[in-house]
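One-letter residues, chain by chain:
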Amino acid sequence: MMRLRARLARSQSSLGKGLLSLLGGGKLSDDDWEEIEDTLLAADVGVGPTTELVENLRARLSTEGVSDTDRARTILREELIGLVGPSLDRTLHSTGDDGAPGVVLVVGVNGTGKTTTVGRLARVLVAEEKTVLLGAADTFRAAAADQLETWGERVGVPTVRGPEGGDPASVGFDAVKRGITEGTDVVLVDTAGRLHTKAGLMDELGKVKRVVEKQAPVTEVLLVIDATTGQNGLTQARVFSEVVDVTGVVLTKLDGTAKGGIVVAVQRELGVPVKFVGLGEGADDLAPFDAEEFVDALLA
Ligand code: GDP
């Protein structure tokens, strides 16, 4: 966990430092508050949450008559944690009912890090001594199934794949069926992320979920979002959440941006918690998300 904090701090601390230096300067003028707002907006926190945070901070600093930096820092920390959502359920729902496998669908636009996320999640689950099966339901790109299979080999778990150009839903179906037969704990299904048209995506993803559920209920739909894509990523996320019931978000490439405020914006926009963050390209670079740890990294 310390590792996550240190690595987040490396990419995100400019936001916290910016805020702290502004707050630490004694009585704040309207211009200072505007600068605080600008700092939050520049970090992709989003307009609504920024306004809320600034109002709360202003109110608390003035009613409590705060003048020392330590107290201002404590208040900022508390308000940021409140904004990030300290009590959201961020556990991965990977336990099936009545002995069925947990079924996790991983969805998102191509290039966001879906396949990498499936591989890393498999690693995390295997480390928890769970048995895992991968389903390569992105049948449109042969390379995608190859890439997933490579992850499977690395982690030591089997991959179910279909013919190139085959039906993604039938791969999902076969994977879960095999999971049931073999008594697997968790089936992770990688899906295609072609945002050609909303209707096309709806058909495809909706069908994968429906068909998979003929075998066992889907316990989690994880939407992968690339943190470096800002507003664009949010727009795409909205489309996906209209198509399938997203239950959690994986925010990848947080190592590649100082705009960690996207965590807040994504949660507000979709109404679901960020459950994991990606902090690099390596096999270990996926971490469970924790609100307090995240804020402490911002303020480190
Ligand atoms: P997919 O098309 O959505 O399945 O995306 P991939 O899993 O193939 O990932 C696309 C690229 O993003 C690859 O080069 C990954 O190594 C890279 N990537 C994935 N997650 C992260 C992350 O958290 N940080 C960084 N820096 N790169 C990542």
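The rules behind each value
Here the residue numbering is sequential within each chain, running from 1 through the sequence in written order. In keeping with the model being predicted, local features are shown solely for residues with a pLDDT of at least 70 and side-chain atom pairs are shown and tallied solely at 80 or more, while totals for entire chains, interfaces and linings include all residues. No hydrogens and no water enter the side-chain calculation; it runs on all heavy atoms of the structure. Think of it this way: DSSP has to see at least two bridges between two strands before they count as a pair. Runs of E in the DSSP output that reach at least two residues are strands. Runs of H or I that reach at least four are helices, and both are numbered from the N terminus. Here an axis means a line fitted to C-alpha atoms, over the contact stretch when the element is a helix, while the angle between two N-to-C directions is reported on a 0 to 180 degree scale. UniProt positions are given in the numbering used here, feature names are shortened, and annotations may be inferred rather than shown by experiment. By convention in these notes, a residue is near a molecule or strand provided one of its non-hydrogen atoms lies within 4 Å of it. Think of a polar contact as two N or O atoms within 3.5 Å of one another; within protein, one of them needs to be a possible hydrogen donor and the other a possible acceptor, and neighboring residues in sequence only count if both atoms come from side chains. Using the Shrake-Rupley algorithm and a 1.4 Å probe, accessible areas are obtained, with residue cover drawn only from the displayed protein chains. By definition, any crossing whose near helix is turned counterclockwise from its far helix by less than a right angle is left-handed, and any crossing with a clockwise turn is right-handed. Whether two residues touch is decided by their heavy atoms; if any such pair falls within 4.5 Å, the residues are in contact. In this classification, Asp, Glu, Lys and Arg are treated as charged, Ala, Val, Leu, Ile, Met, Phe, Trp, Tyr, Cys and Pro as nonpolar, and every other residue, Gly included, as polar. Here, nonpolar core means buried Ala, Val, Leu, Ile, Met, Phe, Trp, Tyr and Cys residues that are tied together by side-chain atoms lying within 4.5 Å of each other. Each residue is assigned to one of three classes by its accessible area relative to the maximum for its type, calculated with a 1.4 Å probe on protein chains only: buried under 20%, partly exposed between the two thresholds, exposed over 50%. Think of it this way: a Phe, Tyr or Trp ring, Trp meaning its six-membered ring, pairs with another when their centres are within 6.5 Å, and the plane angle makes it stacked under 30 degrees, edge-to-face over 60, tilted otherwise. Counted as over-ring charges are cases with an Arg CZ or a Lys NZ within 6 Å of the ring centre that also lie within 35 degrees of the ring normal. Within this analysis, patches are made of residues with over 30% relative accessible area and no salt bridge. Like charges are joined at 9 Å or less; nonpolar side chains (Val, Leu, Ile, Met, Phe, Trp, Tyr) at 5 Å or less. Salt bridge criterion: a side-chain nitrogen from Lys or Arg within 4 Å of a carboxyl oxygen from Asp or Glu. None of His or the chain ends enter the tally, which takes Lys and Arg as positive and Asp and Glu as negative. The atoms used to mark charge sites are NZ of Lys, CZ of Arg, CG of Asp and CD of Glu.

Asks: Let's hear about the sheet that holds strand S3 (residues 159–161): which residues, and what values?
Replies: Pairing within the open sheet is mixed, and its eight strands lie in the order S3-S2-S4-S1-S5-S6-S7-S8. Across the chains shown, the open sheet's two edge strands, defined by having one partner strand only, are S3 and strand S8 (286–288). Each adjacent strand pair in this sheet contributes to an overall mean axis angle of 25 degrees, direction not counted. Sheet topology note: the strand S2 (residues 132–137)/strand S4 (residues 186–191) ladder contains six bridges and is parallel.

Asks: Just give me the short version of the UniProt feature "domain: SRP54-type proteins GTP-binding" (unreviewed entry) in the chain, but keep the residues and values in it.
Replies: Under the local residue numbering, the UniProt record ascribes the feature "domain: SRP54-type proteins GTP-binding" (unreviewed entry) to residues 273–286. The span residues 273–286 is 0% helical and 43% strand by assignment, and the distance between its end C-alpha atoms comes to 16 Å.

Asks: Give me the lowdown on the site of the ligand, citing residues and values where you can.
Replies: The ligand sits among 18 residues. The nearest are Gly 111, Thr 115, Thr 116, Asp 255 and Glu 281. Lys 253 is positioned such that a nitrogen or oxygen atom in its backbone is 2.9 Å from an oxygen atom of the ligand. Separating an oxygen atom of the ligand from a backbone N or O atom of Leu 279 is a distance of 3.5 Å. When the ligand sits alone it has 590 Å² of accessible area, and the protein chains cover 81% of it.

Asks: Describe in detail the packing of helix H2 (residues 30–42) against helix H3 (residues 47–63), supporting the description with residues and values.
Replies: H3 packs onto H2 with a crossing angle of 140 degrees between their chain directions and a minimal axis gap of 10 Å. At the point where H2 passes H3, the crossing takes the right-handed sense. Side by side, H2 and H3 meet where Asp 30, Trp 33, Ile 36, Glu 37, Leu 40 and Leu 41 of the first sit next to Val 47, Thr 50, Leu 53, Val 54, Leu 57, Arg 58 and Leu 61 of the second. Taken together, the residues that form the contact of H2 with H3 break down as nine nonpolar, one polar and three charged.

Asks: Break down the nonpolar core for me, with residues and values.
Replies: Membership of the largest hydrophobic core comes to 76 residues, with the highest contact counts inside it found for Ile 36, Leu 251, Leu 254 and Val 266. With residues near it in sequence (within four places) discarded, Val 266 still touches Ile 225, Leu 234, Val 249, Leu 251, Gly 271 and Val 274. Grouped together as the second largest cluster of nonpolar side chains are 23 residues, Val 104, Val 132, Leu 188 and Ala 283 included.

Asks: So what's going on with the packing of aromatic side chains? Which residues, and what values?
Replies: Enumeration according to the criterion identifies one aromatic pair in this entry. For the ring pair Phe 289 and Phe 294, a centre distance of 5.1 Å and an interplane angle of 55 degrees mean the geometry is tilted. Here Phe 289 falls in the buried class, since its relative accessible area comes to 5%. Over the face of the ring belonging to Trp 151 we find Arg 154, whose NZ or CZ atom lies 4.3 Å from the ring centre.

Asks: Residues and numbers for a negative patch on the surface, please.
Replies: Where like charges cluster on the molecular surface, the negative patch consists of Asp 31, Glu 34, Glu 35 and Asp 38. Tracing the chain through its elements places Asp 31 in helix H2.

Asks: Can you lay out the pattern of salt bridges for me, pointing to particular residues and giving the numbers?
Replies: Side-chain pairs of opposite charge can arise whenever the charged atoms involved come near each other. Tallied over the full model, the rule gives 18 salt bridges. Between Arg 268 and Glu 52 there is a salt bridge whose closest N-O contact spans 3.1 Å. Of this pair, Arg 268 sits in helix H10 (residues 262–270) while Glu 52 sits in helix H3; the two residues are 216 residues apart in sequence, bridging distant segments of the chain. By relative accessible area, which is 42% here, Arg 268 ends up partly exposed. Here Glu 128 and Lys 130 are joined by a salt bridge, their closest N and O atoms 3.1 Å apart. You can call Glu 128 partly exposed: its relative accessible area is 46%.

Asks: Please provide a residue-by-residue account of the environment of Val 208, values included.
Replies: Within the secondary structure layout, Val 208 lies in helix H8 (residues 198–212). Placed 77 residues apart in sequence, Val 208 and Asp 285 show a C-alpha to C-alpha distance of 28 Å. Every residue in contact with Val 208, bar those within four places of it in the chain, is listed here: Leu 105, Pro 168, Ala 169 and Thr 191.

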